[in-house]
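If you want the building blocks of each chain, they are given just below.
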Amino acid sequence: MTDNTATLRSTLPRSTKSGGWLSSLLMRFEALRGYLLLSPTLLIMIIGICVPLFILVGMSLWTQHGFEFDKSLTLANYFNVAEQPIYKALLARSILISGGCALATVILSYPMAYFVAFHVHRHKMVWIILMTLPFWTSYLLRVFSWKIILGYNGVINSGLIGMGLIDQPLEFLLYSPLAVVITLTHAWSAFAILPIYVSLEKIDRSLLEAATDLGDGPVRRFFRITFPMSLPGVIAAALIIFIPTVGDYITPTLLGGPDGIMLANLISAQFGKVNDWPMGAALAIALMVTVALFSVVFVIISRKVTERIT
Amino acid sequence: MSMSYINRPNRPLHVYALLYLAFLYVPVLFLPLFSFNDSIFIAFPLKEFTFKWYEVMFNNEPMLAALANSVKVGVVTSIVATFLGIFAAKAVTRYRMPGRGPVVAFIMLPLVIPGIIFGVSLLILLSELGVRLSLYTVTLGHIIVCVPFAMVTMIPRFEGFDASIEEASSDLGENMWWTFWRVTFPVVFPGIIASFLLCFTISFDEFIIAFFLSGTEPTLPIYMWSQLRFPDKLPGVLALGSIILMVSFVVVFAAHWIRNRGMPYKRVGGV
């Protein structure tokens, strides 16, 4: 045994040396073939992602003069974003609404994911398809359906009046930040369920048995094993919802009203009615950077928390 | 079922699950409900049952044109995105490549960047290049968004089959092209169909990028958006929406079914 390893060790450097040159060429050849096959996709994605983002940054440094761009580089737009209270207020509101929506979605979806992971034993696939199916139907229509429900003459108001419970329609339902949060929570729930479900499904069941055998009750077992081990899925779910909803434009327009307008509305206005493209570009970048910062801070904090409790 | 003492049936949780499904489905089901209601107002109590909004819809030329536009964009998007997805999935599963992780992460970027950022930045790029906005520009935007989905759908297919079958084929004298068509293609075919259907659904439904990149010809979501402002147009939109809901339910169910057929593991999670 020791003899063998000794001979192995003595032959090893030479063999990797002679074979290394050949295999590294092969490796390079193989990698080259791989990248060749990947190149059409990569090229399209570079044209579609890197180039536009680069130009977006460039344009944010220009200024609009009437219908012309002043192409001298300046940070004026960014100073504008930092100084004008409306931009900061809308940015803060976008973050709050999306954060609230991410929180609500995760809290509502967790028990559901838990149910399918631990209490459904047959036809799991059917449950998963049932939970994700609405996600594939028209987003616009799903958002619009909440306007039907919460509207002034909507399902809730006309229903309550019909039952004689109220005389006047409840006005706070539609056109409020709350309406936006409810609608986004409904529209994005499928995105939360899947990552949480996967992280729960991966938990080794024998750990739970061990905890039970060692005298942990169901509640203790949940908080000591199941919940900490599912945290990666919870964090992923929160981010998957937080990031795209910050940029949502349909929901605040249809259901937000003046108090529920988000930064995305303002960005799209810069490219439409207001016609100040460089300002719109600066706002888009401000939005993207803020989202990235919040996401990074969130990930760091939740990592710390995960380490603490596992 | 040695686990059963841990996973005792939990009645409150079961009730919660059913309530949750209701929360998911009931709002959506109001669309078909009111599309059969003989009243221009979308409110309770319901009036007579009617098919007239469906008649109105089928006689609405601009709406049908928008539908045709969306189908065109969706078909081209899903074909191109699926092909790009096949190339990418084959490359990252079959070859040892340095930098594989970052490359895959880069292709997945559209999943984590808000759509409005994409729409706006592509709009700026196209206008700086002097490209006129049209259905082609919408298609370009949709391809970029769909490629990650196509790749994610195709990767398990390539991971699931033995590369030595391909090697055997080339050892027996088939060139790369014929190996692909006669060996690889039939094996990954269900993945291709699933990817095609998912990409079509995404493109067909996409609003924000189309909002910034469409010219004078609207796609269906853009057309519906323009109609939502007019209360008298709403029932017609509801009728159309109900049909779209039904078709997309069927398509997505078919995609799931096809994708899971003949996979090495039958159930998600493999338990």
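Here the structure is a predicted model, which is why all the values come from computation and not from measurement.

### Overview of the confidence of the model for chain A
A low pLDDT score tells you not to read the predicted coordinates there in detail.
All names here are of chain A.
And step 1. The predicted model of chain A has a mean per-residue pLDDT of 84, with 91% of residues at 70 or higher.
And step 2. Taken element by element, chain A is modelled with least confidence in helix α1 (residues 2-60), mean pLDDT 71, and with most confidence in helix α3 (residues 85-119), mean pLDDT 93.
And step 3. In the predicted structure, residues 1-18 sits below a pLDDT of 50 and forms two contacts with residues beyond four places in sequence or in another chain.

### Some details on unusual backbone geometry
And step 1. Despite not being glycine, A:Y175 shows a phi value in the positive range, around 55°.
And step 2. With a phi angle near 50°, A:N275 is a residue other than glycine that sits in the positive phi range.

### Examining the layout of surface pockets
And step 1. Of the pockets and cavities examined, the second largest pocket occupies roughly 680 Å³.
And step 2. In this structure, the second largest pocket is lined by 22 residues; those nearest its centre are A:L37, B:K90, B:Y95, B:E166 and B:M176.
And step 3. Looking at the lining of the second largest pocket, the element that brings in the most residues is helix α8 (residues 176-205) of chain B, giving six residues.
And step 4. Residue classes in the lining of the second largest pocket are distributed as 11 nonpolar, four polar and seven charged.

### Some details on empty space enclosed by the protein
And step 1. Scanning all chains against the criterion turns up two cavities of 30 Å³ or more.
And step 2. Taken as a whole, the largest cavity spans an internal volume of roughly 40 Å³.
And step 3. Taken together, A:M131, A:P134, A:F135, A:R142, A:H186, A:A187, A:S189, A:A190 and B:L24 form the lining of the largest cavity.
And step 4. Element by element, the count of residues in the lining of the largest cavity is highest for helix α7 (residues 177-201) of chain A, at four residues.

### Digging into the packing of α3(A) against α7(A)
Residue and element names in this part refer to chain A.
And step 1. Running from N to C, α3 and α7 cross one another at 40°; their axes reach a closest spacing of 6 Å. Between α3 and α7, the angle falls in the class oblique. Handedness of the α3/α7 crossing: right-handed.
And step 2. Taken together, the residues that form the contact of α3 with α7 break down as 22 nonpolar, five polar and one charged.

### Some details on the pattern of salt bridges
Residues and elements named next belong to chain A.
And step 1. Scanning the model with the defined rule gives five salt bridges over all chains in all.
And step 2. Here R224 and D216 are joined by a salt bridge, their closest N and O atoms 3.6 Å apart.
And step 3. Overlapping salt bridges, with partners in common, bring together K124, E201 and R205 in one network.

Criteria and thresholds
Residues numbered from 1 in each chain as written. Chains lettered and ligands numbered in written order. Predicted model: local features only at pLDDT ≥ 70, side-chain atom pairs only at ≥ 80, totals over all residues. Heavy atoms only, no water. pLDDT = per-residue confidence, 0-100. Helix = DSSP H or I, 4+ residues; strand = E, 2+ residues; numbered from the N terminus. Contact = heavy atoms within 4.5 Å. 1 Å grid on protein atoms, 1.4 Å probe; cavity = no way out; pocket = protein on both sides within 12 Å on 5 of 7 lines; lining within 4 Å. Points joined across faces, edges and corners; volume = space filled by probe spheres on them. Nonpolar A, V, L, I, M, F, W, Y, C, P; charged D, E, K, R; others polar. Axes fitted to C-alpha atoms, helices over the stretch in contact; angles between N-to-C directions. Parallel < 35°, antiparallel > 145°, perpendicular 65-115°, else oblique. Left-handed = near helix turned anticlockwise from the far one by under 90°. Salt bridge = Lys/Arg side-chain N within 4 Å of Asp/Glu carboxyl O.

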